[in-house]
Amino acid sequence: MTRLAIVFLRGGADGLSLVAPVNDADYRRLRPTQALAASAVHDLDGTLGLHPSFERLAGFAADGTLAVVPAAGYAGQTRSHFQAQAALEAGGTSTGGTGWIGRHLAATAGSKSSPFRAVAVGTVSIPPTLRGTNDALGVPDLSSIGLGTLRTGRGRKSRVRIDRSGAEGFDTATVLKAWSGAPLEPAVAGVTAATAVLDRSETGFAESSGDDSDFGTGEAAEVFAAGSQVLDADLDTEVLMINLGGWDTHDAQGTTDGALAELIAGLDRGVGALLDRHDDLCVVIMSEFGRRVAENASGGFDHGTGGVAMVLGAGVRGGVHGEWPGLATLDQGDVPATNDLRALQAEIAEKVLHTPKVSDVVPKVAGPTLDLVA
Amino acid sequence: MTAAGRDGWHLSRRQLLQTIALAGIAAGCSSTEGASPRASGSSSTTRSGPGAGGGADSDADLRLRIERASFGVTPTLWKEVSSVGFATWLDRQIASAPKQAEGSFAELDGAIDAILPERPGGGRLAKEDKAELRRASVGVLTARTVLGAAYAPDQLRQRMVDVLADRLHVSSSGVPELYFLPSYDRMLRENAFGRFADLLVEMASHPAMLLSLDNAASRADGTNRPNENFGRELMELHTVGVDGGYDETDVVEAAHVFSGWSLDRRTAEFTFKPEWHSLGPLAEGGDILGWKPKGRGEADGKDFLEYLARHPATAERLVHLLARRFVSEEIAADHPLVKEAVDIYDEQDTRLGPVVAHLLTSDRFPAAATKMLRRPIDMVATTLRRAAAEPKPDDVESIAGGLFGVLRVMGQVPYAWPAPDGYPTPSAAWSNAGAVISRWNSLITLAHDGVPGLALDPRRIDTSDRDQMLLTLCSPDLQLV
């Protein structure tokens, strides 16, 4: 059974830098100082090329296990981060704050119900994608599941250790009892779920393999390593969610090096290491929108519409999927959202998650299937 | 990176770091002295109720109102409010000067600010200087926020800043922002009860916001396209909201209005650069949400901010947020209490003090209020108010480090939310199992004196047993407000 990892690039990743139409005259005209050279990118099909920092992904492309969907988005979507993220995470439909993966989990809970079925790492909140079910959990990493005194360093990246001796005398059953009948439902549910998660942790999690250097360094590396540890643990996790921030590059985006190149390198190493370690994994990379075609005066790009999505790993049909419209006709200065991301989400729900009724998870859209997964 | 133009100066983040280093101004000291809140909270109706009569019901009612106006009822606070009446106490809170000079907190407050270095090093910031800047800035923001909420006498102001820091959020994820955030936080405190229109001008011209949403580098002269980040979020997040009636053209036009709102390279203070400013398409007519510029450069931007502050959509959205935080997270935007408070916002020339006073003193409050889960900062502050002795000024730096640790684990380090929309309000956003476990661990840590300098005393909550104290701290009585 293939498992799913969703990597969400928060902030609106510049699709035209992740997958650049390097030979397009309009691309060079509208990005006089911020275009990638044709010689710099990893060519995909003669028209589009991967950003030079996608070293691992270039290898997957060559192996035929990287599917790229350019000009991806929702038709008529807004350029607001918050609306666009909400729409994408809801699966392009409005169903009372539930997410597309959350609805899949709710529909398939049954006897295998567990908060570990879908885990978001690097956070203590449930991302909107996973809402609508009790079968989801947000944790910084597995080592933070457990009771005790927190021992933290001062640095930004220093790990938190839990000293379990501090929890002697802390009885979760007594706490739980105090909360039964408490007036605020979400808080009561959270306390109940926390108790269940702690019970599950009593049997122990698989130890981290120790050497995580293949994930690289930095915040992205930490969260990818934490995600990998969840998949390694004996938790029957079906969906892993990883959120990466910093993609809102209004200012000083850079080209082959600089802010965006560093973000891409972190993503590339993280996804590469994750796939090296888990051959049963399908990875979906998405972002709420792409960025404006033309650069602004501060060396960055403002909010746009069509962006890029990628699917890679187990069962994936490599290559460029959907239609690339070029940059001759723009949507108010932006790449048109030609390829509907709901089609991508529906295909993942059907072929990777094996959702019983796909239309309950993602509404059907007109047009051909993207045919991303075998 | 973009090269500096010959006539202009491109303020990239990297260059800004040098500017910061050169300027050497101590953040937190640059804000205006002696600013006084202009409004007292009086609103003529519905002031008789809380604290006026006797009886158990009115005690419970008064207690809830004080809980929402502060970070927790203490015996001292209860006595103080009971003696003068809730409405009078509230008016005094609103009328009090932003920085309290009296009481034992003054010394603590001084120690908190003293964490900031005079300057983060000369010339280009070295790696260790950046680390020192982060340590100092995060330290002062954490200590000021949490220790202020726990121990400062101006409790209502602390509560207001908790809301305003989300509505006008600047994320500390960038290094230049870190330098200016303590001063930005001070600015929010000084303007917490004044005119929202004035607060918007202070916000839009503050280095922290100019850097955070990139406006400092926005120029629209010649063929340059202005940076749309600030113009968009100003309307979507700070004022009218995403359904406020603007479109994509308005976003571009708003970006033009603020082109040239920048920073002086030498002093790192706000400056308007007329040579970078252009109204673009707005110069040939047109309007943003009914507002038209007069072609007066910087004054146009201020005029637009005043217009946005008075816009009905801003009034409704801002007052609704205040009602969600002070009354009930579930309260409807068209609830009579919210509508009355919107009217007061309009009548009182966008002053925030009278709005909050009405929400908290209204006869409608008891029926409208619902339980909320304390957010992590609130939870730590209320724990300290109930069970910890006031810390010693000498301990502030180590306390800041320890508090930073527990708040990071719970996901609410002050100003650290990565997106420009601020920390979420709904209880559900803080109720995930992972968050609950982090909450318990933070309390276990505090209960075992894991934050040096903040010792909890079980006797203060009527037990001699540490485990029993922990159970009380984890109970709905304390976790919910």
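Cut-offs applied
Residues numbered from 1 in each chain as written. Chains lettered and ligands numbered in written order. Predicted model: local features only at pLDDT ≥ 70, side-chain atom pairs only at ≥ 80, totals over all residues. Heavy atoms only, no water. Buried < 20%, exposed > 50% of the residue type's maximum accessible area, 1.4 Å probe, protein only. Helix = DSSP H or I, 4+ residues; strand = E, 2+ residues; numbered from the N terminus. Pairing = 2+ DSSP bridges. Axes fitted to C-alpha atoms, helices over the stretch in contact; angles between N-to-C directions. Parallel < 35°, antiparallel > 145°, perpendicular 65-115°, else oblique. Left-handed = near helix turned anticlockwise from the far one by under 90°. Contact = heavy atoms within 4.5 Å. Polar contact = N/O pair within 3.5 Å; in protein donor to acceptor, adjacent residues only side chain to side chain. 1 Å grid on protein atoms, 1.4 Å probe; cavity = no way out; pocket = protein on both sides within 12 Å on 5 of 7 lines; lining within 4 Å. Points joined across faces, edges and corners; volume = space filled by probe spheres on them. Nonpolar A, V, L, I, M, F, W, Y, C, P; charged D, E, K, R; others polar. Domains from an automatic or database assignment. Buried area = accessible area lost by both parts, 1.4 Å probe. Salt bridge = Lys/Arg side-chain N within 4 Å of Asp/Glu carboxyl O. Phe/Tyr/Trp six-rings, centres within 6.5 Å; stacked < 30°, edge-to-face > 60°. Lys NZ or Arg CZ within 6 Å of the ring centre and 35° of its normal. Core = buried A, V, L, I, M, F, W, Y, C linked by side-chain atoms within 4.5 Å.

### Thoughts on the pairing of strand E12 (residues 307–313) of chain A
Residues and elements named next belong to chain A. Counting buried positions along E12 gives 7 out of 7 residues, so the element sits mostly inside the fold. Pairing geometry for strand E5 (residues 66–73) and E12, over 5 bridges, is antiparallel. Note on E12: the bridge partner recorded for Leu-66 is Leu-312. As judged from the 4 bridges shared by strand E11 (residues 281–287) and E12, these two strands associate in the antiparallel manner.

### Focus: the sheet that holds strand E2 (residues 19–20) of chain A
Hydrogen bonds between backbone groups are what pair the strands of a sheet, and the pairing can be parallel or antiparallel. Residue and element names in this part refer to chain A. If you walk across this open sheet you meet the 3 strands as E2-E4-E3, and the pairing is antiparallel. Sheet topology places E2 and strand E3 (42–43) at the edges, where each strand pairs with a single neighbour. The pairing of E3 with strand E4 (residues 49–50) spans 2 bridges and is antiparallel. Of the residues in E4, the one forming a bridge with Asp-43 is Gly-49.

### With respect to the packing of helix H9 (residues 196–204) of chain B against helix H13 (residues 298–310) of chain B
Residue and element names in this part refer to chain B. Put simply, H9 and H13 touch, their axes get as near as 8 Å, and they point 135 degrees apart. One finds that H9 runs oblique with respect to H13. You can see that H9 and H13 cross each other, and the crossing is right-handed. Where H9 abuts H13, its residues Phe-196, Ala-197, Leu-200, Val-201 and Ala-204 lie against Lys-302, Leu-305, Glu-306 and Ala-309.

### Thoughts on the side chain of His-277 of chain B
All names here are of chain B. Mapped onto the elements, His-277 comes out in the loop between strand E2 (270–272) and H13. Among the residues examined, His-277 registers a relative accessible area of 17% and is labelled buried. A distance of 2.7 Å separates a polar atom in the side chain of His-277 from the backbone oxygen of Ser-259. Excluding anything up to four places from it in sequence, His-277 contacts His-256, Val-257, Ser-259, Phe-272 and Gly-297.

### Looking at empty space enclosed by the protein
Residues and elements named next belong to chain B. Considering all chains together, one arrives at 10 cavities of 30 Å³ or more under this definition. The volume enclosed by the largest cavity comes to roughly 210 Å³. Lining the largest cavity are 15 residues, and of these Arg-159, Arg-325, Met-372, Arg-375 and Asp-378 lie nearest its centre. Mapped onto the lining of the largest cavity, the elements with two or more residues apiece are helix H7 (155–167) and helix H14 (312–326). With 3 residues, H7 is the single largest residue contributor to the lining of the largest cavity. Its residues assigned to classes, the lining of the largest cavity comprises 5 nonpolar, 2 polar and 8 charged.

### A word on the domain arrangement of chain B
All names here are of chain B. Once the domains are mapped, chain B shows domain 1 (55–123 + 138–174 + 370–481) and domain 2 (312–362). With centres defined by C-alpha atoms, the gap from domain 1 to domain 2 works out at 24 Å. Contacts between the two partners involve 22 residues from domain 1 and, on the opposite side, 18 residues from domain 2. At the boundary of domain 1 with domain 2, total buried surface from both sides reaches about 1,900 Å², with 61% on carbon and sulfur atoms. Looking only at domain 1, the three residues that lose the most surface to domain 2 are Val-163, Arg-167 and Thr-425, adding up to 32% of its buried area. The interface formed by domain 1 and domain 2 contains 2 salt bridges. For the salt bridge of Arg-325 with Asp-162, the shortest nitrogen-to-oxygen distance reads 3.6 Å.

### Quick word on the packing of aromatic side chains
On inspection of all chains with the given rule, the structure shows 10 aromatic pairs over all chains. Arranged with centres 5.7 Å apart and planes meeting at 50 degrees, the rings of Phe-170 of chain A and Trp-440 of chain B form a pair that is tilted. One end of the pair, Phe-170 of chain A, is in the loop between strand E9 (160–163) and helix H6 (172–179); the other, Trp-440 of chain B, is in helix H20 (residues 433–447), on a second chain. Residue classification places Phe-170 of chain A among the buried residues on the basis of a relative accessible area of 10%. For Trp-440 of chain B, a relative accessible area of 2% puts it in the buried group. For the pair Trp-417 of chain B and Tyr-423 of chain B, a centre-to-centre distance of 5.5 Å together with 55 degrees between the ring planes defines the contact as tilted. In this structure Trp-417 of chain B comes out as partly exposed when scored by relative accessible area, which is 24%. Ring-pair connections join several aromatic residues into one group, and the members of that group are Phe-230, Phe-258, Trp-261, Phe-270, Trp-291 and Phe-304 of chain B. For the cation-ring pair, Arg-10 of chain A lies above Phe-8 of chain A, with the distance from its terminal atom to the ring centre recorded as 4.0 Å. The ring of Trp-276 of chain B has Lys-273 of chain B sitting right over it, with the charged end atom 4.3 Å from the ring centre.

### What about the interface of chain B and chain A?
Contact with chain B, which involves 65 residues of that partner, is made by 66 residues of chain A. Summed over both partners, the interface of chain B with chain A comes to about 5,100 Å²; 62% of that surface belongs to carbon and sulfur atoms. Seen at the junction of chain B and chain A, the total is 2 salt bridges. Residue Arg-79 of chain A pairs with Glu-248 of chain B through a salt bridge whose shortest N-O separation is 3.8 Å. Counting across the chain B and chain A interface gives 16 residue pairs in polar contact (both at pLDDT 80 or more). For the side of chain B that touches chain A, the secondary structure elements donating two or more residues are helix H6 (127–151), helix H11 (229–238), helix H12 (248–257), helix H19 (396–410), H20, helix H21 (466–473) and helix H22 (476–479) of chain B. For the side of chain B that touches chain A, the element with the most residues is H20 of chain B, which contributes 11 residues. Residues that form the side of chain B that touches chain A fall into these classes: 26 nonpolar, 21 polar and 18 charged.

### Some words on unusual backbone geometry
All names here are of chain A. Of note, Ala-71 is a non-glycine position whose phi angle comes to about 45 degrees, a positive value. Mapped onto the elements of the fold, Ala-71 is located in strand E5. Unlike most non-glycine residues, Asp-236 shows phi in positive territory, near 55 degrees. Residue placement: Asp-236 occurs in the loop between helix H8 (219–232) and strand E10 (239–244).

### Remarks on the pattern of salt bridges
Residues and elements named next belong to chain B. On inspection of all chains with the given rule, the structure shows 51 salt bridges over all chains. With its nearest N and O atoms 2.9 Å apart, the salt bridge here joins Arg-65 to Asp-61. Taken together, the residues Arg-65 and Asp-61, both in helix H2 (residues 56–69) and 4 residues apart, mark about one turn of the helix. The exposure class of Arg-65 is buried, given its relative accessible area of 1%. According to the relative accessible area criterion, Asp-61 is buried, its value standing at 18%. Taking the shortest distance from any N to any O, the salt bridge between Arg-144 and Asp-185 comes out at 2.6 Å.

### Thoughts on the nonpolar core
Membership of the largest hydrophobic core comes to 212 residues, with the highest contact counts inside it found for Met-310 of chain A together with Tyr-184 and Leu-384 of chain B. For this core, the element with the highest residue contribution is H6 of chain B, accounting for 11 residues. Counting only domains with at least three residues in this core, you end up with domain 1 (55–123 + 138–174 + 370–481) and domain 2 (312–362) of chain B. Met-310 of chain A has contacts with Leu-18, Val-19, Leu-50, Phe-54, Leu-57, Leu-66, Ala-67, Val-68, Val-283, Val-284 and Ile-285 of chain A, leaving out every residue within four places of it along the chain. Grouped together as the second largest cluster of nonpolar side chains are 37 residues, Tyr-74, Val-316, Leu-341 and Leu-370 of chain A included.

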